[in-house]
Amino acid sequence: MTHSEKATRYIKDEARVDWHDKALWFVRQKRDIQTKKVPEWETLRELASQIKANVLSELDTYLTQFEENAIKNGVTVHWAKDAQEHNDIILRILNGKNAKKLVKSKSMLTEECHLNSFLEKNGIEVVDTDLGERIVQLRHETPSHIVLPAIHLKKEDVGETFHTHLGSEKGAKDPQYLTGVAREHLREKFLSADAALTGVNFAIAETGGITVCTNEGNADLGAHLAPVHIASMGIEKIIPRQSDLGVFLRMLARNATGQAITTYSSHFLKPNNGQEMHFVIVDNGRTEQLGRVDFRKSLYCIRCGACLNTCPVYRRSGGHSYSFTIPGPIGSILSPGVDLKKYASMAFASTLCGSCSDVCPVKIDIHHQLYKWRQIIVNESNSSFSKKQIMKAMGFLFSHPGLYRFAGKTGRKLVSSLPGFVLYNGLNTWGNGRELPQPPAQSFREWYLENKHKTGNKL
Amino acid sequence: MKVGLFVPCYVDQFYPQVAVATLQLLEKLGCEVGFPLNQTCCGQPMANAGCEKESKAAAKLFVENFKDFDYIVGAAPSCVGFVKEHYDILEQNPDVSHVRTKIYDITEFLLDILKITKIDARFPYKVGFHQSCHALRGMRMAQSSEINGASFSMQKQLLSMVDGLEFIELDRTDECCGFGGTFCVTEAAVSAKMGSDRVADHERNGAQVITGGDVSCLMQLEGVIRRQNKNIKVVHLVEILNGVSFEK
């Protein structure tokens, strides 16, 4: 199904759409308040953007530097060219330790690789320990947002889910009670885990260390309790220096949720005594994206999710209307590179209002990339798009002034003479919630020809 | 100073009063205005839909129509912005670059070229200003709410010169109306909801009139208002600057 079809279904429950819109707009407002407290915010954005530009232009150097330093620190480093390799590596590490229970903190990369289902098929119990992730995992859903995975759910929905799966009181909806239930349930999982997997927010080339940002401390708890810590990262997570964290940590949480900083910024450098630490560095299409000049900047992304929060289309269509793992504007410029046909509709799920680009902490020109992807998608699609034909006709019409004027006149006459039930049929989707303009008797050109002598102006 | 009046296709066909107001305003301010009779469309609708190739012929025709004017002025930041930003689809020559550098939205033209400081118009209404995205983040005619910097708005600055006009405050100062070119029909459900939410914001905050700089947004908002039978009028800002009156 296209984004439009899914969104049309989602939007039928208008009260829920309004609630979803307001919840995310509230986050955007909190972000505005926080970022405006930092006078040098725009300088930070520019700096962050330049650091990322440098990273991508020297990516090979930084990656090998990172690997060397990580190995010196006693970490085992793995390279995965795609999702399958990534999953195989994880399974091999787990099997090597005879690990059957894995606790996992938030990682969009493992979502992208569909790691959970792969491991479950291979007899591993995977428990997502981020509260939002755990909720969607229990419901057999995917995250609808990259930072707020369960933002599509109300507290009543969570109460119902916990009642079914965790045996909490029926009808419970008090967030504190529900969080308590989750905490108790997860504590037991943490204590019995054989291995912990975390994501990576930043990988620092000069130290070989990684930084993981969470609000729940679940990454730390998992990584410190279990005998094995695996961290999965995309190749673009590299930053050159420890001091660069000073730029990115100031921006990430402010832009994501309007917090000055995440509750936990955990820095992992070397394994604890008796523990193993593995870094899995994943490409999975990123090198290809790096080679696309118009789209390489999409790899600057630090996954703050602000472009989702600000997007008026995302807020009203919900994350699940986008078929890609990463929804919203950033997902819509990443997904065509993964599968142009499958995700073709996502680049069109935007008015090109540009709010995403202005809110982006690393200055990705998101809406310009959407525009550019549209050109490629239309060009390369075998035109199941009847739209392409219509556009050809429009192109012809607008390059032939006489024809344009004739069509305009006929069109205006039709609109003014046809009855409403003909105008507002299923084919005219404009009629969905809106009236057509009332056609004037004369076009401007007609008026001009009749009145130009009165205004005294010359042709 | 010879000014070429650019009238976007949908303004020509559906909102001629906006073009009339633009013409009259420019003439009042002493410009010699010409209207090339063979103009059609800037080409944006096709390009935004992913069919840049199909807009080339329209773009060529546009340059042909306007290459001999000192300035090209239209009351449509969206279309003007398209000419400036996207006419790189044409082979660049002196005519193309002349058109791209000398095209102005009416607001920019009045403030930056004619440098007007007062307007002889009265509009005694509570006005909700709808910020078009292309004026905001394309043409940078105002500070967007995402950016940390001093707030300004060229269009509101102009409207502030009008006697009696009172701006209402909106809950969301620069959220998109949902028009978005072909988006309004390909994503009709989301588009209509966005339009409806925008109108609700203006209504909630007491707007008697909604104005703005891009007719496309206003067409969307007016479409919602008429469908929902709201008592809010919609006029383009040039109509206000030109002294539009609702009195019979």
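What you are looking at is a predicted structure, and each value in this text was computed from that prediction instead of being measured.

J.: Help me out: how do you make sense of a positive patch on the surface in this one?
T.: Together, Lys392(A), Lys53(B), Lys56(B) and Lys60(B) line one region of the surface with positive charge. Per-element tally for the positive patch: the top contributor is helix 4 (residues 52–66) of chain B, with 3 residues. By secondary structure assignment, the location of Lys392(A) is in helix 19 (residues 386–398).

J.: What is the right way to look at the environment of Thr64(A) in this model?
T.: Examined against the element boundaries, Thr64(A) turns out to sit in helix 4 (residues 59–72). Within the local environment of Thr64(A), its side chain forms a polar contact with the backbone oxygen of Asp60(A), the two atoms lying 2.9 Å apart.

J.: Sorry if this is basic, but what is going on with the packing of aromatic side chains here?
T.: Two descriptors summarise a pair of aromatic rings, namely the distance from one centre to the other and the angle between the planes of the rings. Per the stated rule, a full pass over the model turns up 23 aromatic pairs over all chains. The interplanar angle of 35° and the centroid separation of 5.5 Å between the aromatic rings of Phe202(A) and Phe248(A) together place this pair among those described as tilted. Within this pair, whereas Phe202(A) is found in strand 5 (residues 202–204), its partner Phe248(A) is found in helix 12 (residues 245–257), the two being separated by 46 residues in sequence. Each of the two residues, Phe202(A) as well as Phe248(A), counts as buried. Ring centres of Tyr71(B) and Phe109(B) lie 5.4 Å apart, and the angle between their planes is 65°; on these two criteria the pair is classed as edge-to-face. Placement of Tyr71(B) in strand 3 (residues 71–74) and of Phe109(B) in helix 7 (residues 106–113) is noted, with a sequence separation of 38 residues between them. Each member of the aromatic cluster is reached from another via a ring pair, and the members are Phe6(B), Phe62(B), Phe66(B), Phe69(B), Phe82(B) and Tyr87(B). Above the face of the Phe248(A) ring, Lys52(A) is positioned so that its terminal group lies 5.6 Å from the ring centre.

J.: Please clarify how the nonpolar core should be interpreted in this entry.
T.: Nonpolar side chains in soluble globular proteins tend to end up buried together. Counting residues in each nonpolar core, the largest one holds 186 residues, and the members touching the most others are Phe444(A) and Phe62(B). Leave out the neighbours within four places in its chain, and Phe62(B) touches Phe6(B), Cys42(B), Ile72(B), Val83(B), Tyr87(B), Val99(B) and Ile103(B). Grouped together as the second largest cluster of nonpolar side chains are 22 residues, Ile90(A), Ile93(A), Leu102(A) and Ile124(A) included.

J.: Teacher, can you tell me more about the domain arrangement of chain B here?
T.: Buried accessible area, meaning the area lost when the parts come together, often serves as the stated size of an interface. All names here are of chain B. By domain assignment, chain B separates into domain 1 (2–113) and domain 2 (126–241). Its C-alpha centre places domain 1 at a distance of 22 Å from the equivalent point of domain 2. At the interface, 26 residues of domain 1 touch 21 residues of domain 2. Here domain 1 and domain 2 share an interface that buries about 1,900 Å² over both sides, 72% of which is from carbon and sulfur atoms. When the area that domain 1 buries against domain 2 is broken down by residue, the three leading residues are Tyr 15, Pro 77 and Leu 111, summing to 29%. Counting every contact that joins domain 1 to domain 2 gives 0 salt bridges. Taken together, the links from domain 1 to domain 2 amount to 4 residue pairs in polar contact (both at pLDDT 80 or more). Where the side of domain 1 that touches domain 2 is concerned, the elements lending two or more residues are helix 1 (9–14), helix 2 (16–28), helix 3 (44–48), helix 5 (77–86) and helix 7. Of the residues contributing to the side of domain 1 that touches domain 2, the split by class is 15 nonpolar, 7 polar and 4 charged.

J.: Help me understand the sheet that holds strand 2 (residues 32–34) of chain B in this model?
T.: The strands making up a sheet are joined through hydrogen bonds of the backbone, oriented either antiparallel or parallel. All names here are of chain B. As summarised here, the arrangement of the 4 strands in space is 2-1-3-4, forming an open sheet in which the pairing is parallel. The sheet terminates laterally at strand 2 and strand 4 (103–105), the two strands that pair on one side only. Each adjacent strand pair in this sheet contributes to an overall mean axis angle of 35°, direction not counted. Bridge count for strand 1 (residues 2–6) against strand 3 is 4 bridges, and the pairing is parallel. Looking at strand 3, one finds that Gly 4 is bridged to Ile 72.

J.: Sorry, what's going on with the packing of helix 10 (residues 175–192) of chain A against helix 11 (residues 218–225) of chain A here?
T.: Each pair of packed helices can be described by the angle between their axes along with the distance between the axes. Residue and element names in this part refer to chain A. Where helix 10 contacts helix 11, the two axes come as close as 8 Å, and the packing angle between them is 30°. The orientation of helix 10 relative to helix 11 falls into the category roughly parallel. Contacts from Arg 187, Phe 190 and Leu 191 in helix 10 reach Asn 218, Leu 221, Gly 222 and Leu 225 in helix 11. A per-class count over the contact of helix 10 with helix 11 returns 4 nonpolar, 2 polar and 1 charged.

The rules behind these values
Residues numbered from 1 in each chain as written. Chains lettered and ligands numbered in written order. Predicted model: local features only at pLDDT ≥ 70, side-chain atom pairs only at ≥ 80, totals over all residues. Heavy atoms only, no water. Patch = residues over 30% accessible without salt bridge, like charges linked within 9 Å, V, L, I, M, F, W, Y side chains within 5 Å. Areas by Shrake-Rupley, 256 points an atom, 1.4 Å probe, with all protein chains shown as cover. Salt bridge = Lys/Arg side-chain N within 4 Å of Asp/Glu carboxyl O. Lys, Arg positive; Asp, Glu negative; His and termini not counted. Charge placed at Lys NZ, Arg CZ, Asp CG, Glu CD. Helix = DSSP H or I, 4+ residues; strand = E, 2+ residues; numbered from the N terminus. Polar contact = N/O pair within 3.5 Å; in protein donor to acceptor, adjacent residues only side chain to side chain. Phe/Tyr/Trp six-rings, centres within 6.5 Å; stacked < 30°, edge-to-face > 60°. Buried < 20%, exposed > 50% of the residue type's maximum accessible area, 1.4 Å probe, protein only. Lys NZ or Arg CZ within 6 Å of the ring centre and 35° of its normal. Core = buried A, V, L, I, M, F, W, Y, C linked by side-chain atoms within 4.5 Å. Contact = heavy atoms within 4.5 Å. Domains from an automatic or database assignment. Buried area = accessible area lost by both parts, 1.4 Å probe. Nonpolar A, V, L, I, M, F, W, Y, C, P; charged D, E, K, R; others polar. Pairing = 2+ DSSP bridges. Axes fitted to C-alpha atoms, helices over the stretch in contact; angles between N-to-C directions. Parallel < 35°, antiparallel > 145°, perpendicular 65-115°, else oblique.

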